[in-house]
Amino acid sequence: MKGLEELALTTTDIASVLPKIIVDQVEEVARAKRVGRSLVRVNRDLVGAKGRSLYIPKRGALTAYSLSEGEDLSSYSTKATYSTVQITPSKIGLQVKITQEAIDGCEFDLIKDHILEAGEAIADKEDKDIITELLTASTSIDAATAGTLAFGDIVKARNKVLTAKYNPNALVIHPDQEADLLQDDRFIDASAYGAREPILNGEIGKIAGLKVFVTQNMTSGKAIVLDTTRAAVLAIKRELTLKRWDNPSTDSVELNFYMEYGVEIVNDDAICIINNC
């Protein structure tokens, strides 16, 4: 199969498969481990609704005070403050054009295969968009030793999130940083979990109380520690949609895929980025 960037099959493509025996299972291109939806809250309130934007309300905390006997509490009077985070989904799309010659000449279901491939491509873009947004967080630290992700770096980043009164539960890394963790005796491999808890996509284990996620969509040399329940929201406006058109003018089938979503950080200090690791 050609890469995703070559959406139209040419005469050369057809000729390359005609003389061969085609197995039922098509060999797929290697893919990144997608972890994005495990790192955010997913909101579908906009699906089927008229609105174009989602507003996430944020409430400030109230403070209680110690009082002396007979002291007037009104001097400490306060009220909760509110703010909002706006998420406006945008549209992404992908088109696949398959000629009738290609459909007739291949021994496997070319249309079905392209539908599966396009779905994978859309999901991969969503994953990259989520991680790109998380990497815009303002709280960060530098690794103690450049080029190495050490246990102390993870603990320091975890404490940054804890100090902000969030509950850090995840660490996201690139495969380049995976070797540093695998050599640490404090790392718990996911295979040791047993049946106690489900293993999420891309999860390889735990360290410092954090679930460790590895993905090629993460930036090498950086790591993210976050509270996945409070850090960011993925707002979906339209689920993945396929519109097919049998185009008579080109004697081809056009598959048009669309999706609408937006992702925004809601609580910036629920995230800490480790740089230069």
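Here we summarise the structure given alongside this text. Only a predicted model underlies this, so the values are computations on that prediction, with no experimental measurement involved.

1. Digging into the pattern of salt bridges
- Within the structure shown, the criterion is met by 11 salt bridges.
- Lys125 is paired through a salt bridge with Asp129; the nearest N and O atoms lie 3.5 Å apart. Residue Lys125 and its partner Asp129 are both found in helix α3 (residues 110-134); the two are separated by 4 residues, about one turn of the helix.
- Here Lys125 falls in the partly exposed class, since its relative accessible area comes to 37%.
- In this structure, Arg244 engages Asp246 in a salt bridge whose closest nitrogen and oxygen atoms are separated by 3.2 Å.
- The network of salt bridges with common partners includes Arg52, Arg238 and Glu260.

2. Notes on a nonpolar patch on the surface
- On the surface, Tyr65, Leu67 and Leu73 cluster together into a nonpolar patch covering about 290 Å² of accessible area.
- As for its placement among the helices and strands, Tyr65 is situated in the loop between β2 (54-59) and β3 (82-87).
- A relative accessible area of 43% means that Tyr65 is categorised as partly exposed.

Reading the values: the criteria
- Residues numbered from 1 in each chain as written.
- Predicted model: local features only at pLDDT ≥ 70, side-chain atom pairs only at ≥ 80, totals over all residues.
- Heavy atoms only, no water.
- Salt bridge = Lys/Arg side-chain N within 4 Å of Asp/Glu carboxyl O.
- Helix = DSSP H or I, 4+ residues; strand = E, 2+ residues; numbered from the N terminus.
- Buried < 20%, exposed > 50% of the residue type's maximum accessible area, 1.4 Å probe, protein only.
- Patch = residues over 30% accessible without salt bridge, like charges linked within 9 Å, V, L, I, M, F, W, Y side chains within 5 Å.
- Areas by Shrake-Rupley, 256 points an atom, 1.4 Å probe, with all protein chains shown as cover.

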